[in-house]
Amino acid sequence: MEIDYIENEISLLQPPAVQRKRIRPVDDAHPFDLDAYISGYSGRTAFDRLVHIISTCPTLAPQALKLAFAQIEELRDPTLYQTAMNAYDVVADLPEVQLPSIGDVCSVNTVWCEEVAKKNQAEKTKLEVELKTYSNNMIKESIRMGHRDLGDFYRAAGDYTQALKHYTKSREFCSTSQHVLDMCLSVLELVIEQRNYAHISSYVFKAEGALDTASAAAASNAAAGSNSSSVAAPPKKSAERDQVQSKLDFAMALFHLGQANYEKAAHFLLKIGSSDSLGDWIGKLVAPGDFAVYGTLCALASMSRSAIKSQLTGNAIFSVYIEQEPYVRDLIQSYLSSDFKNVLELLERYSTRHYVDIHLYPHVYDLTNLIRNVAVVLYFQPFQTIRLDRMSAAFGWTVEEVEKEVVALIQSGQIQGRVDSQNKILKARKVDHRAELFAHAMKTAAEIQSTNRKLLLRMRLQQADLVVKPPKSRREQDRAGELLQGD
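Residues numbered from 1 in each chain as written. Predicted model: local features only at pLDDT ≥ 70, side-chain atom pairs only at ≥ 80, totals over all residues. Heavy atoms only, no water.

(A) Representation of the packing of helix α3 (residues 43-56) against helix α5 (residues 80-92) in the model. Remark: α3 packs on α5, axes separated minimally by 8 Å, with the N-to-C direction vectors making an angle of 20 degrees. By the angle class used here, α3 and α5 are roughly parallel. The handedness of the crossing between α3 and α5 is right-handed. For the pair α3 and α5, contact is made by Arg44, Phe47, Val51, Ile54 and Ser55 and by Leu80, Thr83, Ala84, Ala87, Tyr88 and Val91, respectively. Split by residue class, the contact of α3 with α5 holds eight nonpolar, two polar and one charged. (Axes fitted to C-alpha atoms, helices over the stretch in contact; angles between N-to-C directions. Helix = DSSP H or I, 4+ residues; strand = E, 2+ residues; numbered from the N terminus. Parallel < 35°, antiparallel > 145°, perpendicular 65-115°, else oblique. Left-handed = near helix turned anticlockwise from the far one by under 90°. Contact = heavy atoms within 4.5 Å. Nonpolar A, V, L, I, M, F, W, Y, C, P; charged D, E, K, R; others polar.)

(B) Highlighting the sheet that holds strand β1 (residues 385-387). The three strands are arranged β1-β3-β2 in an open sheet whose pairing can be described as antiparallel. Every other strand in the sheet has two partners, leaving β1 and β2 (417-420) as the edge strands with one partner each. For this sheet, the mean angle separating the axes of adjacent strands, direction not counted, is 20 degrees. In the sheet, β2 pairs with strand β3 (residues 425-428) via four bridges, with the strands oriented antiparallel. Considered in β3, the bridge of Asp420 is made with Ile425. (Pairing = 2+ DSSP bridges.)

(C) Representation of the packing of aromatic side chains within the structure. Within the structure shown, the criterion is met by 15 aromatic pairs. Aromatic pair Phe250 and Phe291: ring centres 5.4 Å apart, planes at 90 degrees, arrangement edge-to-face. Separated by 41 residues along the polypeptide, Phe250 in helix α13 (residues 233-258) and Phe291 in helix α16 (residues 288-302) bring together distant segments of the chain. Overall, the relative accessible area of 0% leaves Phe250 in the buried class. Grouping aromatic residues by their ring pairs yields a cluster made of Tyr335, Phe340, Tyr379, Phe383, Phe395 and Trp397. A cation over an aromatic ring shows up here: Lys206 above the ring of Tyr203, its NZ or CZ 4.8 Å from the ring centre. (Phe/Tyr/Trp six-rings, centres within 6.5 Å; stacked < 30°, edge-to-face > 60°. Buried < 20%, exposed > 50% of the residue type's maximum accessible area, 1.4 Å probe, protein only. Lys NZ or Arg CZ within 6 Å of the ring centre and 35° of its normal.)

Below is the structure:
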């Protein structure tokens, strides 16, 4: 299976004008604490997020570059220095940005690079020799572990193509469903790190199949046992299954988010268990506060108000995640209380926090638009007529902006109404339910009349013996097929 790796690209879902506005401010109107944010991540994910912040927030670029250089020395990939410096140079070349040179900010640790390169080469040689020995001895379990270890090594060294090759190769030597499950989780971690969302679903389905098989085997073994230790085993297995299932739910949420299917993404995000159930994925791939941001934005953009109230605010586990990002609770409460002006202000105030997220930033523009559209539709629902200046006060827009927004929603069919541009009034379109019912009845009667005419025509053709019958052998085959279908 070939996988095209995704670098730090700007989403193609966004119009060019929005792509040019990718640079985000960090000021009193758009607060963002880099140290507090990055402390929730570790490993390669922390580095990738710092590089993305360099590209997104020039104000924080020097500080993010220092943190990125410090993070590199905790990893095993010296080429990351060049990646960070390239991102910094791209931002520094922008005409509206003034940044100090890289040499004035920090320097490359060449001694560390040489030492790590030697260690990587030595370990690579050692692991390849071990795998060759295992292959010659035809020890299936040892071959699987050899491929797994080489996959882990190449992933740590930054060679994702070779890592994926060895992870998938280990599948041929898996002897139990637990081995298959471990392989799938390793591949899922790899593709999530690379933000290659298109390939997540296939490995999630394989992992779920292996998980079901492993759970069934564990249940049968527990049932076969008769001592007390075997009776105490099922709760542990159940906890292990919940932990794996939470990881798979998070992976599927990222898959649907990557496909811009926000309703399904919200569904899987709201199913995720506690942070303990995600094990080492917390910090390694995601922080607890990310669940609150992802789930809330996707839910507000795609779910009904009643569903948000029951599944979001009534979800005890998700409420714990919301506590990690206090503004998210204010956002939800403002939405449910129809304080849409405050909703839009919060989305704008924390837009920098949303754009610096490596998984969310391609969708921030679309999610914000969807939430704004839903807010306008919900606000107009109780009214037959409403003045646009009243809507402008409720949303904090000018009358012209309100009119433009409303016209777009009418054209898309989300609002059934029309705008009086002279008097600046929005009027709901009156629906004659009696006329609709009468038209539906007439349409149904016409369909029944057409069907009856066809039946009468067929009966007349059969009476006149004008129906061409199939050959006898064909009739016998059809009759046999009908009998098989009936069974």
